[in-house]
Amino acid sequence: KTIQSARMFNSLLGSKKHQSTISPPSVAMDHRKLMVAPGDSISITAHLVSVKPTCSWSKDGTLLTVDKQKICVIESDTQSILIVSQFSASDEGHYTVACSNPSGATATATIQLITLAPTAPCVSFEKREFITNEGDTVKLMADIVSEPKPTVVWENKSKKDVAKSKSRFTQVEDKCYAELTITKAKLSDAGNYTIKARNKLGRGAASVQLKVLPRKDTAERSNSIASEGSPTEIQPPIKLSDSAKPKAESEGKAEKTQPEVLADVQKSSLPDSKIISEQKKEDPKVTKSEELVEPKEELAKPKEEPSKPKEDIPKR
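Parameters at a glance
Residues numbered from 1 in each chain as written. Predicted model: local features only at pLDDT ≥ 70, side-chain atom pairs only at ≥ 80, totals over all residues. Heavy atoms only, no water. Helix = DSSP H or I, 4+ residues; strand = E, 2+ residues; numbered from the N terminus. Polar contact = N/O pair within 3.5 Å; in protein donor to acceptor, adjacent residues only side chain to side chain. Contact = heavy atoms within 4.5 Å. Pairing = 2+ DSSP bridges. Axes fitted to C-alpha atoms, helices over the stretch in contact; angles between N-to-C directions. Core = buried A, V, L, I, M, F, W, Y, C linked by side-chain atoms within 4.5 Å. Buried < 20%, exposed > 50% of the residue type's maximum accessible area, 1.4 Å probe, protein only. Phe/Tyr/Trp six-rings, centres within 6.5 Å; stacked < 30°, edge-to-face > 60°.

*Asks:* Please explain the side chain of Arg168 as it appears in this structure.
*Replies:* One can find Arg168 in the loop between helix 2 (162-165) and strand 14 (169-173). Polar side-chain contacts of Arg168 include one of 3.0 Å to the backbone oxygen of Thr183. One polar contact links Arg168 to Asp189, side chain to side chain, over a distance of 3.0 Å. Non-local contacts of Arg168, meaning those with residues more than four positions away in its chain, are made with Thr181, Ile182, Thr183, Lys184, Ala185, Lys186 and Asp189.

What follows is the structure, given as structure tokens:
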């Protein structure tokens, strides 16, 4: 008996631990309200996030019984779909799905079904702006009240039908809603989007803003380019020519004294032949050939014409 009681205690304890590790369920629906025309069939999809979910549907607090002709329920691990055939005014109301799992928790979601009379399209958005990140998928959802089903066109800031002009844009519409899906959103996709709905009774339109946030790597790249600015060219090192080297070397020498400067000035004013003779006195190594060489500039000088004698002016 002691062993059996111990086993029962361990099994109960293990089941409680197993329950504690299971997450509570989660339920969500695409719409809060749907307009249904008389005689149409409507399907309501509840998206489930749960382990071994158990779902039940109710209308205005009363549990629904499955009837293959009127009401049908299709269930899976991720969805619970309620189908109402031959919708009429008596089918109006709030429909609620309740989902539970072994954790003991229960999640619910509710949608309202309303009978739709023949009317021109009326379009509206639940929010004024949709925000997404660059590269992600975003859905622009609009609520439509229209009977019969309208023809829907989505236009962007360039006034073009985006669903036909771009392969990344797809649209889905019904009497009660319209949806534009943008895959791999780009920064250029941001801006104003207008939905236009039309049926034989009239037209309706509404606009919404889409904001696309840049990715982190794109923002960092643009910031780095802005901070660095335009690249500067690297100048090669300047090489001194042979004619410039003596000047550079002379600039590095000490400044000359005043007597030395006067001597240089006097030398520059003398003819080249006298300069050579002066150099000979200073430097005995100067040869005779160097002394006799005259600069070419002296030979190239034109001959001076003899001055004409002045004419005698007769005295009065």
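*Asks:* What is the right way to read the sheet that holds strand 2 (residues 33-36) from this model?
*Replies:* A sheet is described by the order of its strands in space; here five strands give the open sequence 2-9-8-4-5, paired in mixed fashion. Edge strands, defined here as strands with exactly one partner in the open sheet, are strand 2 and strand 5 (62-63). Relative to strand 5, strand 4 (residues 54-59) is paired through two bridges, and the arrangement is antiparallel. Paired with Lys59 across the bridge in strand 5 is Thr62.

*Asks:* Would you mind showing me how to read the sheet that holds strand 6 (residues 71-75) here?
*Replies:* The strands that make up a sheet are held in pairs by hydrogen bonds between backbone atoms, and each pair lies either parallel or antiparallel. Spatially, four strands are ordered 1-3-7-6 in an open sheet, and the strand pairing comes out antiparallel. Two strands lie at the open edges of the sheet, namely strand 1 (26-29) and strand 6, each paired on one side alone. On average, each strand axis in the sheet is inclined to that of its neighbour by 20°, with strand direction left out of account. As defined by bridge partners, strand 6 adjoins strand 7 (residues 79-84) across five bridges and the pair is classed as antiparallel. Residue pairing for strand 7: Val73 is matched across the bridge by Leu82.

*Asks:* What is the right way to read the nonpolar core from this model?
*Replies:* The biggest cluster of nonpolar side chains holds 24 residues, and the ones touching the most others in it are Val27, Met29, Ile44, Val97 and Leu113. If we ignore the near neighbours within four places in the chain, the residues touching Val27 are Ala46, His47, Leu48, Val97, Cys99, Ala107 and Ala109.

*Asks:* What's the story with the packing of aromatic side chains in this structure? I'm lost.
*Replies:* Note on aromatic pairs: each is described by the distance of the centres and the angle between the planes. Under the counting rule described, the total for this entry stands at three aromatic pairs. Ring centres of Phe125 and Phe130 lie 6.5 Å apart, and the angle between their planes is 75°; on these two criteria the pair is classed as edge-to-face. Residues Phe125 and Phe130 agree in their burial class; the two are buried. What links up through ring pairs into an aromatic cluster is the set Phe125, Phe130 and Trp154.

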